[in-house]
Amino acid sequence: MMKQCILACCKIYISESRNARALEAIERAATLHPEAAIVNKFEDSAYNRVGYTLVSDVAHDKASAGSAASSPLQQAAYAMVETALKAINLELHSGTHPRLGVVDHVCFHPLGQASIDVAAQLAKNLAANFGGNLQLTTFLYGAAHQEGRPLDYIRRQLGYFKPNSVDNQWVGWAASDSMALKPDEGPIHLDRAKGITLVGATTWVDNYNVPILSTDMAAARRIARQVSGRNGGLPGVQAMALLHGKERLEIACNLLDPSRIGGERVQREVERLAKEEGMSVEMGYFTDLSQEQIVQKFLKLNALYLGSGLRLRYPLLADASLQKGRGGKSKRAKKKMKHSKLVACKLYISEGRNDAALEAIERAAAHHPQATITKKFPDYAYNRTRYTIVSYLIEEDEARVVDSPLRQALFAMTEEAYKTIELGTQCGTHPRLGVVDHISFHPLAQSTLHEVANLAKLVAADIGGRLHVPVFLYEAADPQGRALSSLRRELDYFTPNFMGNQWAGWSLPNVLPISPDEGPQYVDEDKGVVFVGASPWVDSYNIPALTKDVDLVRTIARRVSTRGGGLPGVQALALLHGDKLEIAFMFLEPDRIGDKEVQMEVELLASEEGLRVEKGYYTDLSKETTTKSYMKLASAD
């Protein structure tokens, strides 16, 4: 552990979130400087913008002006910016968040016992390298500027807040070529493909966004003006109204003095003002960890990695297991992996026919190699695909799971699914209420159900807060322990709405009849809702029935299921599957009742009705085989 907590934080805002290859290249550049850890990444597809939060120890830095080698934090930030300028062209970029450059903003904050002067020197050194080495037009602000110019002043002078395209968007170079201010570093004549960047140093700033369920931009701007400290609103609060997706707006706020005015106070004020305008708002969300969380996360990483003499190969989002170093995988790394607590996740996507969409989802997963897909099961007739993904848990202590590479992989996959699939145009013969219909977590190896449930709740909060999708928690992840089947029945999940036995589009009211645990009450019809829960291992087993008599097969399914007085721990559903029917089973206690008992019972009931059934099949590996498959794949990586 470090003897002194002298840290600095750097936040880099890049004008891109839709080009996965560009972001992957930027993140690879950071891995060359493992002493600086990326502790958070916040992507926003609507804004087409991503924010990275990096932290490093600066206790022993020699901050020689103009040197890119004076700090690990500077080295990592410089490498990421250099790569971003190569991979992204501002003239081809569009989004609903203002920006003036590929690298729109770089800000430094002191952490721990570090001073603002340390942060300011880091900012000035980096700006000098941007201007001199990268020929990037750069403006300094805050403590990094000799007159202490504030960030918002520079932005107003440069026309930052004025959209230049329809639908409140910024497209290409959005300001005048004749700049009202002279840059502090770099050329006066800017490169339109790069734009400009703002680099500064300040005390800690929180970012808090409040969604508004309206497209009335004029009203949202009135709310933003009244909230802002500049117009007599809340002290230390900067606010602007932005379009966020097709049917909503956001009040995006900078909290310059978060210990005085925080997210709760802003939320109350926006709700009050919105009510006066006749508008509904959702619960807001922070776009980054708190100052304290960032320090704790970095110190934990420092203890895990730097204290071990190992380097982070994948620092992104603190994917913390002992990884392969430059010289290959160490024995210590293998030992740690073998004794990690493991978790399996089953991700159900409402798409089984669009190969391009599924490939995009799998590419998103590939950016997080510490989470391994052990099984993929696509079904063309149902138009549904299940991915089984395994990784390890990261614990702050024995009582609290704080993260997992699985969390980042799932967020990337679900985000990509919502980009590439529209529920409104999807149909199939399996019930579903969302593009991402169901995410279930199951403990493996030494992990417990309680630990896995904590991870499920983190993932649910990510999807609800960042992707704005209603999320319903069930079983161990739900404080009330509600069963998945009960929630589904409340939302009419099992009732087909198209051509007798198919599900098509969104069929429920846009305002849900029951409140979700995370995310909005209002449903985006192209996304739907998602169920997220944690339970002991569940097996899925399907038995084909050689008939088209749906009523008859439903009768058999009811008689086999626990709910119908049949086998314990068995759920059953009769579904059309191509030119035949199937009874789809879930074995909630597979060690007690498995395929042999169910197959025998179905065959007995079918014979009584003069019906033939085929031998059933599992749609996934067993719990034991899943664990073995993961260990084999992880060892070979």
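The helix and strand tally for the protein stands at 15 helices and 26 strands. Per-residue burial over the protein gives 56% buried out of 637 residues. In the protein, of all internal contacts separated by at least 6 residues, the share reaching a separation of at least 24 is 73%.

Looking now at the side chain of His-97. Structurally, His-97 is set in the loop between strand S4 (94–95) and strand S5 (103–112). Take His-97: its relative accessible area is 11%, and that puts it in the buried class. For His-97, the contacting residues outside a window of four places in its chain are Tyr-47, Arg-49, Tyr-160, Trp-170, Met-240 and Leu-242.

Attention now moves to the nonpolar core. Grouped together as the largest cluster of nonpolar side chains are 59 residues, with contacts concentrated most on Ile-12, Tyr-52, Val-106, Phe-108 and Phe-130. With eight residues, helix H2 (residues 72–87) is the single largest residue contributor to this core. Core analysis: the second largest hydrophobic core is formed by 54 residues, Ala-371, Leu-406, Ala-409 and Ile-463 among them.

Turning to unusual backbone geometry, a few remarks are in order. Positive phi, normally seen in glycine, also occurs at Gln-135, with a value near 55 degrees. Tracing the sequence through the fold places Gln-135 in the loop between helix H3 (116–133) and strand S6 (137–142). The exposure class assigned to Gln-135 is partly exposed, which follows from its relative accessible area of 43%.

Right, let's get into the sheet that holds strand S9 (residues 206–212). Within the open sheet, the four strands sit side by side as S10-S11-S9-S12. Their pairing is antiparallel. Every interior strand has two partners, whereas the edge strands, strand S10 (237–243) and strand S12 (285–286), have only one. Where S9 and strand S11 (residues 249–255) come together, seven bridges link them in antiparallel fashion. Looking at S11, one finds that Val-210 is bridged to Ile-251. Taken strand by strand, helix H5 (residues 217–227) contacts S9, S10 and S11, and its axis lies near 170 degrees from that of S10.

Of all nine residues that make up strand S15 (residues 384–392), nine are buried, and the element is covered over most of its length. Residues of S15 alternate between two faces, with Arg-384, Arg-386, Thr-388, Val-390 and Tyr-392 on one and Thr-385, Tyr-387, Ile-389 and Ser-391 on the opposite face, all of them buried. The pairing of strand S13 (residues 342–349) with S15 spans eight bridges and is antiparallel. Each bridged residue has a counterpart across the sheet, and for Ile-349 the counterpart in S15 is Thr-385. When strand S14 (residues 372–379) meets S15, the two strands line up antiparallel, connected through seven bridges.

The final tally for this structure, using the stated rule, is 12 aromatic pairs. Relative to Phe-587, the ring of Phe-585 lies with its centre 6.3 Å away and its plane at 40 degrees, an arrangement referred to as tilted. This pair shows no difference in class: Phe-585 is buried, exactly as Phe-587 is. An aromatic cluster of at least three residues, connected via ring pairs, comprises Phe-472, Tyr-493, Phe-494 and Phe-531. The side chain of Arg-155 reaches across the aromatic face of Tyr-160, ending 4.1 Å from its centre. The ring of Tyr-418 has Lys-527 sitting right over it, with the charged end atom 5.7 Å from the ring centre.

As a further point, take the sheet that holds S15. Here six strands make up an open sheet; going across it, the order is S14-S15-S13-S19-S22-S20 and the pairing mixed. Edge strands, defined here as strands with exactly one partner in the open sheet, are S14 and strand S20 (471–475). Looking at each pair of strands side by side, their axes are set apart by 15 degrees on average, direction ignored. By the bridge criterion, five bridges tie S20 to strand S22 (residues 530–534) in an arrangement that is parallel. Looking across to S22, one finds that Tyr-474 is bridged to Gly-533.

A few words on the pattern of salt bridges. In total, this model carries 27 salt bridges according to the counting rule given. Asp-184 serves as the salt-bridge partner of Arg-149, at 3.0 Å between the closest nitrogen and oxygen. Placement of Arg-149 in the loop between S6 and helix H4 (151–157) and of Asp-184 in the loop between strand S7 (170–171) and strand S8 (196–201) is noted, with a sequence separation of 35 residues between them. Taking relative accessible area as the criterion, Arg-149 reaches 13% and is therefore assigned buried. Taking the relative accessible area as the measure of exposure, Asp-184 reaches 29% and is therefore partly exposed. A salt bridge links Arg-222 to Glu-277; its shortest N-O distance comes to 2.9 Å. Taken together, the residues Arg-222 in helix H5 and Glu-277 in the loop between helix H6 (263–276) and S12 connect sequence positions 55 residues apart. What makes Glu-277 partly exposed here is its relative accessible area of 28%.

Below, the discussion takes up the environment of Val-171. Secondary-structure assignment places Val-171 in strand S7. For Val-171 and Glu-91, which are 80 residues apart along the polypeptide, the C-alpha to C-alpha distance reads 7.2 Å.

Rules of the game
Residues numbered from 1 in each chain as written. Predicted model: local features only at pLDDT ≥ 70, side-chain atom pairs only at ≥ 80, totals over all residues. Heavy atoms only, no water. Helix = DSSP H or I, 4+ residues; strand = E, 2+ residues; numbered from the N terminus. Buried < 20%, exposed > 50% of the residue type's maximum accessible area, 1.4 Å probe, protein only. Contact = heavy atoms within 4.5 Å. Core = buried A, V, L, I, M, F, W, Y, C linked by side-chain atoms within 4.5 Å. Pairing = 2+ DSSP bridges. Axes fitted to C-alpha atoms, helices over the stretch in contact; angles between N-to-C directions. Phe/Tyr/Trp six-rings, centres within 6.5 Å; stacked < 30°, edge-to-face > 60°. Lys NZ or Arg CZ within 6 Å of the ring centre and 35° of its normal. Salt bridge = Lys/Arg side-chain N within 4 Å of Asp/Glu carboxyl O.

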